[in-house]
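Overview (structure and organization)
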2 protein chains.
Amino acid sequence: MRIALDAMGGDHGPTPNVGGARLALDANPDLTVVLVGDETQLAPLLAAGNLPAGRVEVIHASQTVEMKEKPAEALRRKPDASVFRSWQLLAEGKVDGLVSAGNTGAVVAGGLKTRKFLKCVHRPGIATVMPTAKGRCVVLDVGANVFPKPRHLLEYGAMGTVFARHILGVERPTLGLMNVGEEEGKGHDLVQKTYDLFRNSPLKERFVGNIEGRDIHRGAVDVVVTDGFTGNVVLKLCEGVFDFVMGMVQQEVIAPLPNDRGVAAQALKGLVGKYHYSAFGGAPLLGVEGVCIICHGSSKDAAIANALGVAALDVRVKLNEKIVAELEALPANGEE
Amino acid sequence: MRIALDAMGGDHGPTPNVGGARLALDANPDLTVVLVGDETQLAPLLAAGNLPAGRVEVIHASQTVEMKEKPAEALRRKPDASVFRSWQLLAEGKVDGLVSAGNTGAVVAGGLKTRKFLKCVHRPGIATVMPTAKGRCVVLDVGANVFPKPRHLLEYGAMGTVFARHILGVERPTLGLMNVGEEEGKGHDLVQKTYDLFRNSPLKERFVGNIEGRDIHRGAVDVVVTDGFTGNVVLKLCEGVFDFVMGMVQQEVIAPLPNDRGVAAQALKGLVGKYHYSAFGGAPLLGVEGVCIICHGSSKDAAIANALGVAALDVRVKLNEKIVAELEALPANGEE
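Right, let's walk through the structure included here. (Residues numbered from 1 in each chain as written. Chains lettered and ligands numbered in written order. Predicted model: local features only at pLDDT ≥ 70, side-chain atom pairs only at ≥ 80, totals over all residues. Heavy atoms only, no water.)

Quick notes on the packing of aromatic side chains
Residues and elements named next belong to chain B. The test is simple: Stacked, edge-to-face and tilted are the three classes for Phe, Tyr and Trp ring pairs, Trp counted by its six-membered ring, which pair at centre distances within 6.5 Å; planes under 30 degrees apart are stacked, over 60 edge-to-face, the rest tilted. Labels follow the DSSP assignment, with helices taken as runs of H or I lasting at least four residues and strands as runs of E lasting at least two, numbered in each case from the N terminus.
In this structure the tally under the stated criterion is six aromatic pairs over all chains. Between Tyr195 and Phe207 the ring centres are 5.5 Å apart and the planes differ by 75°, which places this aromatic pair in the edge-to-face class. Separated by 12 residues along the polypeptide, Tyr195 in helix H7 (residues 189-199) and Phe207 in strand S8 (residues 207-211) bring together distant segments of the chain.

Following this line, the structure appears as structure tokens:
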């Protein structure tokens, strides 16, 4: 299979993208990586990186969307940006998927612009995998759709269920709606209407009802459905709390140890690596034709390689076919 | 000063409330606690607890709102519930404040029903104090108002600023609006309109603009303004991530230590205590006449005592007078 990599995307420019491509090619024998970006910058990195020639291609893109650039402006002013060229390759069927550590808004905007959504999908959503006390769960949407309609959230539930089953390996995933309390009738209009949609859909057997913020890491459910505003705050808050607590543990627990400071610091480093976002292979934009994986802007080689690996897996298991089958089972609903 | 304590509120019934009252009376010589609840249950606890007779009163309330009860139903069916009786005492001026570890929705509903809001306040909001890498910050609203108007958020910014200055001791508090990105124009309609309100208000000098989830624990600002839906998810998510990470540290870092396991476990316990919600003295419902502090349902003696201490402090520093002065400086705005 062929995956486009937005080689200019991310805080660190093309270097970790090329490094990540090399790692991913080693790990996935069926993979070809199409590096999209400035070929004059990429050529020396490719030469130095010793990448397998037959499994890497370069498609030149003369522009780059900056991390802080407004997506709508970028779309207008930079048609030849590496991220939009990657989407174009996907829309033309020249690749099976794309990976980008660039400006998340621009990645999503590029996808929305192609309008190539899966059958039955009204709005794509970004899913992210989070660690829990019982394993892993998938949370969506974490930022593509900050003011969704109930129907969108129902579709996110269906897509998340398919993702949990085929990517996380949970045979019978359970599903919860993020809310401010467990009882029916809690929260604002959006969650109340969404609750009713789930209760009256074929997903009702997986739907445990409302969950609260503390339930995510307890592993209360396999799929957490929320609007893109709340989900984005959740995603970034977890990162902040994790960094904060790890810093405090280092400072107040490990630093004062009389004998085991070294071994404890090493174990803490292992823990940070295990639960760091980079270990979870990026966030898929679910609901588009083809596969799109969005990486954290600060991704290094390993995170890019994990994301390419997840993109390859999504293609391999035919995730999109399964999503369409799940969505076709939902009741038709005029409300977009 | 006189503070009413909803003696029946919380997961553990009256015992930690009476215990907390005793601790708070020891720590605050100017405090009288009015225990509101079932006098037949309270009498033996008071006798056994050896509370200073002249500084404790009991007001009988024949009903108790259960933790899972729907607030609107409770208001209708249980007029003599301890939490509503506490509000009544406050509305009648018989106490200066109230503390409850009971059903949060019922506490808020009781306050909304009295309609005794401070001058210039359209909707009260719940504030909570969170630890950060630089000290502490206040986040509001965390659940009183799940679908606010921009004007409400502006008022929360003003109230949070006063709280940060007079309770957290920050001379020149900074203020941020929770959003999905830092750039102006990010997010949904509510945050975009709120952003403009802040930029065009006397608070503009304190307003740093949009912040993201990860900024809270970095200590990017002293006051975080958000809607009650997002804020409630934030509050409970922090609890969940904290518990999850502490569990992992115990299991993967501390348990395998060859020599220092005991001392490390002790230090971790200290850290948990320091950053546990119970150390932060409950969450004030800001914007009502008098003082109202809402405690976590699982509060034990120390958490109740801290909340009573914070209530006493709010009265002592005349927090409400200062809130009204700050709100009077805001531009009048027809929008409720």
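Points about the relation of the copies chain A and chain B
So the rule is basically this: We superpose the copies by least squares over the C-alpha atoms of residues that have a pLDDT of at least 70 in both of them.
For these two chains of identical sequence, chain A goes onto chain B by a turn of 180° and a shift of 0.0 Å along the axis, with RMSD 0.0 Å. With respect to symmetry, the two chain copies, as superposed, fit the operation of a two-fold axis.

Points about the pattern of salt bridges
Under the convention used in this document: Just to be clear on terms, a salt bridge is a Lys or Arg side-chain nitrogen sitting within 4 Å of an Asp or Glu carboxyl oxygen. Note on classification: 1.4 Å probe, protein chains only; a residue is buried when its accessible area is under 20% of the maximum for its type, exposed when over 50%, partly exposed between these limits.
Summed over the entire model, instances satisfying the criterion amount to 38 salt bridges over all chains. A salt bridge links Arg2 of chain B to Glu57 of chain B, with the shortest nitrogen-to-oxygen separation between them at 2.6 Å. Of this pair, Arg2 of chain B sits in strand S1 (residues 2-6) while Glu57 of chain B sits in strand S3 (residues 56-60); the two residues are 55 residues apart in sequence, bridging distant segments of the chain. For Arg2 of chain B, a relative accessible area of 28% puts it in the partly exposed group. Classification of Glu57 of chain B by relative accessible area gives partly exposed; the value is 29%. One salt bridge connects Asp30 of chain B with Arg316 of chain B, and the closest N-O pair in it is separated by 2.9 Å. One end of the pair, Asp30 of chain B, is in the loop between helix H1 (14-27) and strand S2 (32-37); the other, Arg316 of chain B, is in helix H11 (residues 301-316), and 286 residues separate them in sequence. The exposure class of Asp30 of chain B is partly exposed, given its relative accessible area of 32%. Salt bridges here are not isolated pairs; linked through shared partners, they connect Lys68 of chain A together with Glu182, Glu183 and Lys186 of chain B.

Brief notes about the pairing of strand S5 (residues 125-132) of chain A
Residue and element names in this part refer to chain A. The test is simple: Only when DSSP finds a minimum of two bridges between them are two strands counted as paired.
In terms of burial, S5 is a largely internal element, eight of the eight residues being buried. Residue alternation in S5 divides its side chains into two sets, Gly125, Ala127, Val129 and Pro131 and Ile126, Thr128, Met130 and Thr132, and both sets are buried. Where S5 lies against strand S10 (residues 283-286), two bridges are found, and the strand directions are antiparallel. Bridged to Gly125 within S10 is Leu286. The hairpin formed by S5 and strand S6 (residues 135-140) contains two residues between the paired strands.

Some details on the sheet that holds S1 of chain B
All names here are of chain B. Just so we agree on the cut-off: Helix axes use the C-alpha atoms of the stretch in contact, all axes being lines fitted to C-alpha atoms, and the angles between their N-to-C directions lie in the range 0 to 180 degrees. Residues are treated as being in contact if the distance between any of their heavy atoms lies within 4.5 Å.
Within the open sheet, the 11 strands sit side by side as S3-S2-S1-S4-S11-S10-S5-S6-S9-S7-S8. Their pairing is mixed. Taken across any chain shown, the strands that pair with only one partner, and hence form the sheet edges, are S3 and S8. Within this sheet the neighbouring strands show an average axis-to-axis angle of 25°, counted without direction. Packing of H7 onto the sheet brings it into contact with strand S7 (175-178), S8 and strand S9 (223-225), and relative to S8 it is tilted by some 170°.

Observations regarding the interface of chain A and chain B
Put simply, the test is: Summed over both partners, the accessible area (1.4 Å probe) lost when two parts come together is defined as the buried area. We call two N or O atoms a polar contact when they sit within 3.5 Å, provided that within protein one can donate a hydrogen and the other can accept it, with sequence-adjacent residues counted only if both atoms are side-chain atoms.
At the interface, 56 residues of chain A touch 56 residues of chain B. In total, chain A and chain B occlude about 4900 Å² of area from one another, counting both sides; carbon and sulfur atoms represent 71% of this. Of all residues in chain A, Phe229, Leu237 and Phe244 of chain A bury the most surface against chain B, accounting for 14% of the area lost on that side. At the junction of chain A and chain B, the tally comes to 10 salt bridges. Between Glu182 of chain A and Lys68 of chain B there is a salt bridge, with the nearest N and O atoms lying 3.6 Å from each other. For the interface between chain A and chain B, the tally reads 13 residue pairs in polar contact (both at pLDDT 80 or more). It is helix H9 (residues 228-254) of chain A that provides the largest number of residues to the side of chain A that touches chain B, a total of 21 residues.

Structural notes on the side chain of Glu155 of chain A
All names here are of chain A. Take Glu155: it is sitting in helix H6 (residues 150-166). Separated by 2.5 Å, the side chains of Glu155 and His122 make a polar contact. Setting aside anything within four residues of it in sequence, one finds Glu155 in contact with Cys120, Val121, His122, Arg123, Leu327 and Leu330.

Points about the side chain of Lys78 of chain A
Its place among the elements puts Lys78 of chain A in the loop between helix H3 (71-77) and helix H4 (82-91). In this view, Lys78 of chain A contacts Gln63, Thr64, Val65, Glu66, Glu69 and Phe84 of chain A; residues no more than four positions away in its chain are not counted.

A closer look at the sheet that holds strand S11 (residues 291-294) of chain A
Residue and element names in this part refer to chain A. Across the sheet, which stays open at both edges, the 11 strands sit in the order S3-S2-S1-S4-S11-S10-S5-S6-S9-S7-S8 with mixed pairing between neighbours. Two strands in the sheet have a free side with no partner beyond their single neighbour: strand S3 (56-60) and strand S8 (207-211). This sheet shows a mean twist of 25° between the axes of neighbouring strands, independent of strand direction. Note: strand S1 (residues 2-6) against strand S4 (residues 97-100), three bridges, orientation parallel. Bridge pairing in S4 links Ile3 to Gly97.

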